[in-house]
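Below are the chains, spelled out letter by letter.
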Amino acid sequence: MHNKSILFVFLIVFCLCEINYVECIKSNKNGLQSEKYPPCAACKILVNSFKNGLERTSRGKFEGGDSAWEEDKLGSYARSEVRLIEIQEHLCKEVERGKDQCHSIAEELENKIEEWWLKHQNTYPDIFDYLCIEQTERCCPKDHYGPQCIQCPGFPNNVCNKNGKCKGAGTRKGNGKCLCDKGYHGETCNDCAPGYYESYKDENKLLCSTCHAACNGSCKGPGPKDCEMCSHGWYMIDGQGCFDINECLKSDESCPGNQFCVNKEGGFTCLGCDKACNGCTGDGPDMCIKCADDYHKKDNLCINSDLLGRKRHENFARYATYFGLCVATCIILQRNIYAASVIGILVAVYISVSEYMIAHSNIQDTTANMDILGPA
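On a predicted model such as this, the values are computed, not experimentally measured, just so you know.

Q: Provide a residue-level description of the UniProt feature "transmembrane region" (unreviewed entry) in the protein chain, including the pertinent values.
A: Per the UniProt annotation, the sites labelled "transmembrane region" (unreviewed entry) are residues 336-353. In residues 336-353, helix accounts for 94% and strand for 0%; the two terminal C-alpha atoms are 26 Å from one another.

Q: Tell me about the confidence of the model for the protein chain, and please be specific about residues and values.
A: Averaged over the protein chain, the pLDDT score is 82; the fraction of residues at 70 or greater is 80%. Across residues 62-66 the pLDDT falls below 50, and counting only partners more than four positions away or on other chains, this stretch makes six contacts in the model. A low-confidence stretch, residues 362-376 (pLDDT under 50), is modelled with 24 contacts involving residues beyond four sequence positions or located in other chains.

Q: Pulling in residues and values, what's your account of the nonpolar core?
A: If you look at the biggest cluster of nonpolar residues, it comprises 27 residues, and the most contacted ones within it are Leu46, Phe50 and Ile113. Breaking this core down by element, the ones donating at least two residues are α2 (39-59), α4 (81-89), α5 (99-108), α6 (110-120) and α7 (127-135). The greatest single-element share of this core, amounting to eight residues, is contributed by α2. Once residues lying within four places of it in the same chain are set aside, the contact partners of Ile113 are Leu46, Phe50, Leu84, Gln88, Leu91, Ile127 and Leu131. Within the second largest apolar cluster, 13 residues are counted, among which are Cys152, Cys178, Cys192 and Leu206.

Q: Please give an account of the pattern of salt bridges that cites residues and values.
A: Here the structure, examined in full by the defined rule, presents three salt bridges. The residue Arg97 makes a salt bridge to Glu35 at a minimum N-O spacing of 2.8 Å. On the criterion of sequence distance, the pair formed by Arg97 in the loop between α4 and α5 and Glu35 in the loop between α1 (2-33) and α2 is long-range, its members being 62 residues apart. Its relative accessible area of 25% is what places Glu35 among the partly exposed residues. A salt bridge links Glu108 to Arg138, with the nearest nitrogen and oxygen atoms 3.4 Å apart. Taken as a pair, Glu108 in helix α5 and Arg138 in the loop between α7 and β1 (144-145) lie far apart in primary sequence, 30 residues in all. With relative accessibility at 53%, the residue Glu108 sits in the exposed group.

Q: Got a sec to walk through the pairing of strand β7 (residues 196-201)? Specific residues and values, please.
A: Alignment of β7 against strand β8 (residues 206-210), held across five bridges, turns out to be antiparallel. Bridge pairing in β8 links Tyr197 to Ser209. From the end of β7 to the start of β8, which pair antiparallel, there are four residues.

Q: How would you explain α6 if you had to name every residue and give the values?
A: Each α-helix turn comprises 3.6 residues. Residues three or four places apart therefore point the same way. Among the residues making up α6, those that are buried are Ile113, Trp116 and Trp117. End-on view of α6: buried residues confined to an arc of 95°, all on one side of the axis. Among the exposed residues of α6, those oriented more than 90 degrees off its buried face are Asn111 and Lys119.

Q: Tell me what's going on with the state of the cysteines, and back it up with residues and numbers.
A: Here the structure, examined in full by the defined rule, presents 16 disulfides. Cys291 shares a disulfide with Cys302; S-S distance 1.9 Å. Note on the Cys291 and Cys302 pair: the S-S dihedral is about -85°, so by sign convention the disulfide is left-handed. Residue Cys291 is located in the loop between β12 (267-272) and β13 (295-298), and its partner Cys302 is located in strand β14 (residues 301-304); the two are separated by eleven residues in the primary sequence. Accessibility expressed as a relative area gives 19% for Cys291, which makes it buried. By relative accessible area, which is 4% here, Cys302 ends up buried. Here Cys326 stays unpaired: no disulfide links it, and the sulfur of Cys330, its closest cysteine neighbor, is 6.9 Å away. Overall, the relative accessible area of 37% leaves Cys326 in the partly exposed class.

Q: Explain the packing of aromatic side chains residue by residue, including any values.
A: Scanning the entire structure with this criterion turns up five aromatic pairs. Geometrically, the ring pair formed by Phe50 and Trp116 is edge-to-face, given 5.9 Å between the ring centres and 80° between the ring planes. Here the residue Phe50 occupies a position in helix α2, and Trp116 occupies one in helix α6, the gap between them amounting to 66 residues. Grouping residues by exposure puts Phe50 and Trp116 together as buried. An angle of 35° between the planes, with centres 6.1 Å apart, marks the rings of Tyr235 and Phe243 as tilted. Look at Phe243 and you get partly exposed, because its relative accessible area is 31%.

Q: Describe in detail the pairing of β13, supporting the description with residues and values.
A: As defined by bridge partners, β13 adjoins β14 across four bridges and the pair is classed as antiparallel. Of the residues in β14, the one forming a bridge with Lys297 is Cys302. Turn length for the β13-β14 hairpin, with the two strands adjacent in sequence and antiparallel, is two residues, and the turn residue Asp299 shows positive phi of about 55°.

Q: Can you break down the side chain of Gln121 residue by residue, with the values?
A: With respect to the secondary-structure elements, Gln121 resides in the loop between α6 and α7. Judged by relative accessible area, which is 13%, Gln121 ranks as buried. Among the polar contacts made by the side chain of Gln121, one reaches the main-chain carbonyl oxygen of Trp117 at a distance of 2.8 Å.

Q: Describe in detail the environment of Tyr319, supporting the description with residues and values.
A: Topologically, Tyr319 is positioned in helix α8 (residues 305-335). Taking the relative accessible area as the measure of exposure, Tyr319 reaches 38% and is therefore partly exposed. Residues Tyr319 and Ile351, spaced 32 residues apart in sequence, show a C-alpha to C-alpha distance of 9.5 Å.

Thresholds, definitions, all that
Residues numbered from 1 in each chain as written. Predicted model: local features only at pLDDT ≥ 70, side-chain atom pairs only at ≥ 80, totals over all residues. Heavy atoms only, no water. UniProt positions renumbered as here; feature names shortened; annotations may be inferred. Helix = DSSP H or I, 4+ residues; strand = E, 2+ residues; numbered from the N terminus. pLDDT = per-residue confidence, 0-100. Contact = heavy atoms within 4.5 Å. Core = buried A, V, L, I, M, F, W, Y, C linked by side-chain atoms within 4.5 Å. Buried < 20%, exposed > 50% of the residue type's maximum accessible area, 1.4 Å probe, protein only. Salt bridge = Lys/Arg side-chain N within 4 Å of Asp/Glu carboxyl O. Pairing = 2+ DSSP bridges. Arc of directions from axis to C-beta. Disulfide = S-S within 2.5 Å. Phe/Tyr/Trp six-rings, centres within 6.5 Å; stacked < 30°, edge-to-face > 60°. Polar contact = N/O pair within 3.5 Å; in protein donor to acceptor, adjacent residues only side chain to side chain.

Listed below in structure tokens is the structure:
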């Protein structure tokens, strides 16, 4: 009975979660549909939906082709009212964001769409030009801006020197000022921004590239010798440019704790010492200033006495195994020379591969190959 009650409660909770999830999805979908777009963007959404309808009704008859091809293949259907009605019936249905606004504009501009369809397709092959630019004045032609559709700077072939975008281009908004790409500035994006240099320029093109990391601000070329001023972590030598400062040589910038300093261009970084060290000047147990607890120095190397002993036992066991295999091979040799030859080859391969893997293993400690009979 208790288990049934738990199951019943679980089912109720599950159903409530499902209901909330569905409601959340519906709410999110309704939110997307009710989104509002600027006039030009909203008109583009409507036009794109109409063009999707053109493509859909064209595919329903034949595959591919341009408008001339359509008229040839589709005949009277290409510009018929029947086709227009089919397109309008599905207008805005595939739109997810701004669907409500799309339907509203479609209803508002229904007559103008019909006028274009029946009378103006030859004059305005693209419905966008007729509907959004000419009739409703919601948009401007490409690279034009503002209420009067003024030409952008550099129109038609060199807008903002091809290094930026005209603010408001294609809409009835904006002031036409150039929004320069990264690395460019100026009213028409015709100069390199601070931190960039002119790497190429001709009558039609300006290319700006990033200055070297050593440079603080402007430069004349790609290297540290071309800097006008040096960034932090670099110093200037007249006539030679910027050079990296080795912060690791400065005692007041040494790394804290059990770390060591590594210089890099324009700065430095601190890395942790080897676990065998209590203070170090570099990476590895051979760079220790002092040895950590349970470690002691041997041949300028901080080693763990317990680890050394364990390695000695491992080495002794390994060599004993090799010796045993060799003895067994010799015994077999007394009885069967062919079998002994095969086994001898296998033993030799086994020993060679084992020693190679041990010698190149990252796990093998630097003390592993020390003389096992040497003093601790």
